[in-house]
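Understanding the architecture of this molecule
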Amino acid sequence: LEASFEKYCEEELLDGENKYNANEFGLQPARKGILFKTFPPIMHIHLKRFELDYEHDNGYIKVNDRLVFPPILKLEKFLSPDADRSTKQTFHLHGVLVHSGSVTHGHYYAFLRPSKDPVWFKFNDENVTKVSEEQAIDNNFGGGEGNSKVVHKTANAYMLVYLRESEREQLLSPIRTSEIPKYLADRMERERLIKEEETKDRLFQIVYIATDLHLRQHFGPDLIKSHNAIPMKIRKDISLSQFKNEISKEIGVPPHRQRLWQFCRRKNKTFRPDEAINELEINSRNDITKKEY
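Computed from a predicted structure; not experimentally measured. Positions within a chain are numbered from 1, following the residues in the order the chain's sequence is written. For this predicted model, a pLDDT threshold of at least 70 governs which residues receive local features, and a threshold of 80 or more governs which side-chain atom pairs are given and counted, while totals over whole chains, interfaces and linings are taken from all residues. Side-chain figures throughout are based on the complete set of non-hydrogen atoms in the structure, without hydrogens or water.

**Some points on the packing of aromatic side chains**
In this scheme Phe, Tyr and Trp rings, the latter by its six-membered ring, pair at centre separations within 6.5 Å, and the angle between planes marks the pair as stacked below 30 degrees, edge-to-face above 60, and tilted otherwise. Per the stated rule, a full pass over the model turns up eight aromatic pairs. Centre to centre, the rings of Phe5 and Phe78 are 5.4 Å apart; their planes meet at 35°, and the pair counts as tilted. Of this pair, Phe5 sits in helix α1 (residues 2–8) while Phe78 is found in the loop between β8 (72–74) and β9 (90–101), placing the two residues 73 residues apart along the sequence. Residue exposure (1.4 Å probe, protein chains only): buried if accessible area is under 20% of the type maximum, exposed if over 50%, otherwise partly exposed. Judged by relative accessible area, Phe5 falls into the buried class, the value being 9%. On the basis of relative accessible area, Phe78 is assigned to the buried category, the value being 4%. With a centroid separation of 4.9 Å and 90° between ring planes, the pair formed by Phe69 and Phe141 is classed as edge-to-face. In this pair, Phe69 is assigned in the loop between β7 (60–62) and β8 and Phe141 in the loop between α2 (133–136) and β13 (155–164), connecting sequence segments 72 residues apart. Considered together, Phe69 and Phe141 belong to a single accessibility category, that of buried residues. Taken together, the ring pairs in this structure connect Phe5, Tyr8, Phe36, Phe39, Phe78 and Phe91 into an aromatic cluster. Positioned above the aromatic ring of Phe204 is the side chain of Lys233, whose terminal nitrogen or guanidinium carbon lies 5.4 Å from the ring centre. Remark: a charge is flagged as sitting over a ring if the NZ atom of Lys or the CZ atom of Arg is within 6 Å of the ring centre and within 35 degrees of the ring normal. The aromatic ring of Phe204 is capped on one face by Arg235, whose charged end is 5.7 Å from the ring centroid. Every helix listed is a DSSP run of H or I at least four residues long, and every strand listed is a run of E at least two residues long, numbered separately from the N terminus.

Below is the structure:
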């Protein structure tokens, strides 16, 4: 990466037939090059992995060549002579954005380091995993696969994120609630409530209760249809005695007067009583999650 900066800032001598046109002063020998007056506290470096190539049908190719980038990057020597040098231009790597694939198809994911500690995380769609520094940095230089100089890896860094050392403490400080835009805070709260409801739903199940009265009042080829029974939302870890108490609240039949039967769905998709529920067996397991009533 440092060699790329040097190439980018390399001075070119314009003389001979390539003199610089200084308008009223005519053609003049000159030196042409790039120097930086300042660098930003958060620096995104694009590695230009995609380039124009008229020899290919789509006009572009992906460059998978090896490019080494350091965890710490020092850029003072690329400042112009009149630049402000009061701030040390030392940068620490905190983000590696990766493209895997070719010009026509591929996948993007990122490695991020959210603190000053050398701890990296891989963000791949909805999956976030802790990874080593080698996985985040060294494995994404590009170049040959293993010892091969011909077969190049198609997964490599295409953009880097560096933080300037002098501002790193401030940039990595915890975000205050007041700094979060209202629309984003509202969205995060909605997502939290949805996730909370989904978590609750995983703890419950719907059980349909059919009494002898429901069976007598049913008309049709089957004994009962679920939409004609009483739906009850109960916790999956409820005990049988607790379950009977809930039934008692719903239909008014005392627990000691209840005898529960398990219904089963037959191959012809009809419901029939299967067996009476063994209360001793259920109570010893202390849950009814695998029973259908």
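**Some words on the environment of Val161**
Structurally, Val161 is set in strand β13. Residues Val161 and His44, spaced 117 residues apart in sequence, show a C-alpha to C-alpha distance of 4.7 Å. Note on contacts: a residue pair qualifies if any of its non-hydrogen atoms lie within 4.5 Å across the two residues. Filtering out sequence-adjacent residues up to four positions away, Val161 remains in contact with Ile42, Met43, His44, His92, Leu93, His94, Gly95 and Leu97.

**Description of the pairing of β9**
Burial analysis of β9 places 11 of its 12 residues in the buried class, which makes it a mostly covered element. DSSP bridges decide pairing: two strands pair if at least two such bridges lie between them. Examined bridge by bridge, β8 and β9 share three bridges and lie antiparallel to one another. Residue pairing in the sheet places Lys74 in a bridge with Thr90 of β9. Two elements, β9 and β13, share nine bridges in a ladder whose sense is antiparallel. Among the inter-strand pairings, Leu93 is bridged to a residue of β13, identified as Tyr162. Note that β9 and strand β10 (residues 106–112) share seven bridges and pair antiparallel. For Ser100, the partnering residue across the bridge sits in β10 and is His107. In this antiparallel pair of consecutive strands, β9 and β10, the connection spans four residues.

**Some details on the pairing of strand β16 (residues 261–265)**
Where β16 and strand β17 (residues 271–276) come together, five bridges link them in antiparallel fashion. Note on β17: the bridge partner recorded for Gln262 is Glu275. If you look at the hairpin formed by β16 and β17, you'll find five residues sitting between the two strands, and Lys269 has a positive phi there, around 70°.

**Observations regarding the pattern of salt bridges**
One speaks of a salt bridge when a side-chain nitrogen belonging to Lys or Arg is within 4 Å of a carboxyl oxygen belonging to Asp or Glu. Taken as a whole and assessed by the stated rule, the structure comprises 16 salt bridges. As a salt-bridge pair, Arg187 and Glu191 come within 3.2 Å of each other at their nearest N and O atoms. Of this pair, Arg187 and Glu191 both sit in helix α4 (residues 182–202), four residues apart, which is roughly one turn of the helix. Overall, the relative accessible area of 47% leaves Arg187 in the partly exposed class. Notably, a salt bridge pairs Glu196 with Arg192, separated by 3.1 Å at the nearest N-O pair.

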